[in-house]
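For reference, the chains in residue letters:
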Amino acid sequence: MESLLKAAMGGDDWGIYYDAARETGFVGAVVFVLFLAFTYLALMNVLTGIFVERAMRAVRPDEKALQSEQVRKEKAAMAEFHHIFQELSEGSGVLGFDDFMEAMSEGSLRPRLATLGLDIRDAEVFFVMLAAANNTEELDMSAFVHGCMALRGPAAMIDTQSVVFHATLIQRNLLTVERDVGELRRMVSLV
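The model shown is predicted, which means the values in this text are computed figures rather than measured ones.

Novice: How would you summarise the overall build of the protein if you had to cite specific residues and measurements?
Specialist: Secondary structure summary: the protein contains nine helices and two strands in total. Computed over its C-alpha atoms, the radius of gyration of the protein comes to 37 Å, more than 25% above the 16 Å expected for a compact globule of 191 residues. In terms of principal-axis extent, the alpha carbons of the protein reach across some 120 × 50 × 30 Å. Burial status across the protein gives 23% buried among its 191 residues. Put simply, 60% of the contacts in the protein that link residues at least 6 apart link residues at least 24 apart. Here the protein has roughly 13,500 Å² of accessible surface; of this, 62% comes from carbon and sulfur atoms.

Novice: A description of unusual backbone geometry should follow, citing residues and the corresponding values.
Specialist: Positive phi is not limited to glycine here, since E90 has a value of about 55 degrees. Structurally, E90 is set in the loop between α4 (63–89) and β1 (94–95). Accessibility expressed as a relative area gives 72% for E90, which makes it exposed. Despite not being glycine, N135 shows a phi value in the positive range, around 50 degrees. Relative to the helices and strands, N135 is located in the loop between α7 (123–133) and β2 (139–140). For N135, a relative accessible area of 63% corresponds to the exposed category.

Novice: Could you give an account of α7, naming the residues involved and the relevant values?
Specialist: Across the eleven residues of α7, eight count as buried, placing the element largely inside the fold. Within α7, burial applies to A123, V125, F126, F127, M129, L130, A131 and A132. Measuring from the backbone nitrogen of E124 back to the side-chain oxygen at the start of α7 gives 3.2 Å, which picks out D122 as the cap. Phi turns positive one or two residues past the end of α7, at N135, with a value near 50 degrees.

Novice: Tell me what's going on with the pattern of salt bridges, and back it up with residues and numbers.
Specialist: Pairing is possible between side chains that carry opposite charge, provided their charged atoms lie close to one another. Under the counting rule described, the total for this entry stands at six salt bridges. For E53, the salt bridge goes to R57, with nearest N and O atoms at 2.5 Å. Within this pair, E53 and its partner R57 are both found in helix α3 (residues 26–59), separated by four residues, close to a single helical turn. Residue classification places E53 among the partly exposed residues on the basis of a relative accessible area of 47%. Residue R57 is classed as partly exposed on the basis of its relative accessible area of 46%. A salt bridge links R112 to E80, with the shortest nitrogen-to-oxygen separation between them at 2.9 Å.

Novice: Tell me about the side chain of S89, and name the residues and values.
Specialist: Summarising the element assignment, S89 is placed in helix α4. A relative accessible area of 5% places S89 in the buried class. Look past the residues within four positions of S89 in its chain and what remains in contact with it is V94 and L95.

About the cut-offs
- Residues numbered from 1 in each chain as written.
- Predicted model: local features only at pLDDT ≥ 70, side-chain atom pairs only at ≥ 80, totals over all residues.
- Heavy atoms only, no water.
- Helix = DSSP H or I, 4+ residues; strand = E, 2+ residues; numbered from the N terminus.
- Rg over C-alpha atoms; globule rule 2.2 N^0.38 Å.
- Buried < 20%, exposed > 50% of the residue type's maximum accessible area, 1.4 Å probe, protein only.
- Contact = heavy atoms within 4.5 Å.
- Areas by Shrake-Rupley, 256 points an atom, 1.4 Å probe, with all protein chains shown as cover.
- Polar contact = N/O pair within 3.5 Å; in protein donor to acceptor, adjacent residues only side chain to side chain.
- Salt bridge = Lys/Arg side-chain N within 4 Å of Asp/Glu carboxyl O.

So, in structure tokens, the structure goes:
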């Protein structure tokens, strides 16, 4: 038994014990080699499993840390949108369509917004969409910042919001037309 332990754990060269097992016959030598192979493989698998499990546990991101990082990024983006609004409105507290379009045409605003996750393909639709959502022609800081935060994300997000915006406008126009047609019917029936 001591010989098997020394051979398996590297206490002695296993060749010495193999030679001794071979003298007992073929079966003894095969059993000895199978014992060593099993011991080495089992030991290596256990040690590797322990190492990999600990490494995976150490690398796995902490959920609270991920949430904190996300909150930090959101706050940073919101602060940057505030800063952009202050620059565009020149401290007036409102941002008009012409000022926004001028800033977008200058070329530095679009990439700046893109770094914040806001890919604006059509500046006119973007501004009109934000203004219409707030029932105003000019944007205050809250409307601008919250609108930008809502539209952040993949380019498809702003495209989807644009489609929703246009559908809402069409619905409003249809309601107006329906109301006008109803009024015309009422007038025609009186005549």
